[in-house]
Amino acid sequence: AQSVTQLDSHVSVSEGTPVLLRCNYSSSYSPSLFWYVQHPNKGLQLLLKYTSAATLVKGINGFEAEFKKSETSFHLTKPSAHMSDAAEYFCVVSEAISNFGNEKLTFGTGTRLTIIP
Amino acid sequence: SQTIHQWPATLVQPVGSPLSLECTVEGTSNPNLYWYRQAAGRGLQLLFYSVGIGQISSEVPQNLSASRPQDRQFILSSKKLLLSDSGFYLCAWKVTDTQYFGPGTRLTVL
């Protein structure tokens, strides 16, 4: 069975400083990994995904994540935080659940990112 | 372009009342569709998924049901709501290897 652990429930950084949101995963097979962002009372927006290609993945809004198999980690980073980055971030791992090409997403419990002006 | 719609956006219902939430997608055919629930302060839990019309799979036993009467329509229902059904309900569809989410419905059961 797969699982995802987001190591911090809440992260606060000052505007203009780097962001690091940590994620560790457990999966029986080569996983697909995703980061989604959710602004208050909104749906989830895909930030980036890893699907066994390059281990350093670049996403939208200046975010990137590095897949490290030896550490079973997929941490999300951004060099310089912006006020609009304040939101909830979810790390997600995917596994197949049927023979129809269907996948089940397992979500972490989320990290709330606060940006200090 | 491909889009996903959910309605209503918010809903307040009394305990014991019925529920119907609708999700529709545009710009694609025969999509894989999913219903998730997000309880307060928690991650998302997969409730149902569907690979085609009339084909529904349930991930967890609960007070809810799902139906897919048309190719691009996915409905979440309940005959009698419980307090524990409160939450944020998200519909998603899959494009190649990625799931994309709708705007969600905030359900409050009083």
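Located above this text is the structure these notes cover.
Here's what I pulled together on the structure shown here. What you are looking at is a predicted structure, and each value in this text was computed from that prediction instead of being measured.

Enumeration over the complete set of coordinates arrives at 2 disulfides over all chains. Between the sulfur of Cys23(A) and that of Cys91(A) lies a disulfide, 1.9 Å long from S to S. Looking down the S-S bond of the Cys23(A) and Cys91(A) bridge, the torsion is -65°, so its handedness is left-handed. Of this pair, Cys23(A) sits in strand β4 (residues 23-26) while Cys91(A) is found in strand β10 (residues 87-96), placing the two residues 68 residues apart along the sequence. Each of the two residues, Cys23(A) as well as Cys91(A), counts as buried. Across a sulfur-sulfur distance of 2.0 Å, Cys23(B) and Cys91(B) are joined as a disulfide pair. Its S-S torsion of approximately -70° makes the covalent link between Cys23(B) and Cys91(B) left-handed. With Cys23(B) in strand β3 (residues 19-26) and Cys91(B) in strand β9 (residues 87-95), this residue pair connects regions lying 68 residues apart in the sequence.

With that settled, the discussion passes to the interface of chain B and chain A. A common way to express how large an interface is: the accessible area buried when the components associate. Residue-level contacts link 22 residues of chain B with 22 residues of chain A. A combined buried area of about 1,800 Å² lies between chain B and chain A, and 50% of that area is made up of carbon and sulfur atoms. Among the residues chain B hides against chain A, the three largest losses belong to Leu44(B), Asp97(B) and Phe101(B). Together they make up 25% of the total. Across the chain B-chain A interface, the total number found is 0 salt bridges. The interface formed by chain B and chain A holds 4 residue pairs in polar contact (both at pLDDT 80 or more) in total. Of all the secondary structure elements, the ones that give two or more residues to the side of chain B that touches chain A are β4 (33-38), β5 (44-52), β9 and β10 (98-101) of chain B. Looking at the side of chain B that touches chain A residue by residue, the class counts come to 11 nonpolar, 6 polar and 5 charged.

Calculation rules
Residues numbered from 1 in each chain as written. Chains lettered and ligands numbered in written order. Predicted model: local features only at pLDDT ≥ 70, side-chain atom pairs only at ≥ 80, totals over all residues. Heavy atoms only, no water. Disulfide = S-S within 2.5 Å. Helix = DSSP H or I, 4+ residues; strand = E, 2+ residues; numbered from the N terminus. Buried < 20%, exposed > 50% of the residue type's maximum accessible area, 1.4 Å probe, protein only. Contact = heavy atoms within 4.5 Å. Buried area = accessible area lost by both parts, 1.4 Å probe. Salt bridge = Lys/Arg side-chain N within 4 Å of Asp/Glu carboxyl O. Polar contact = N/O pair within 3.5 Å; in protein donor to acceptor, adjacent residues only side chain to side chain. Nonpolar A, V, L, I, M, F, W, Y, C, P; charged D, E, K, R; others polar.

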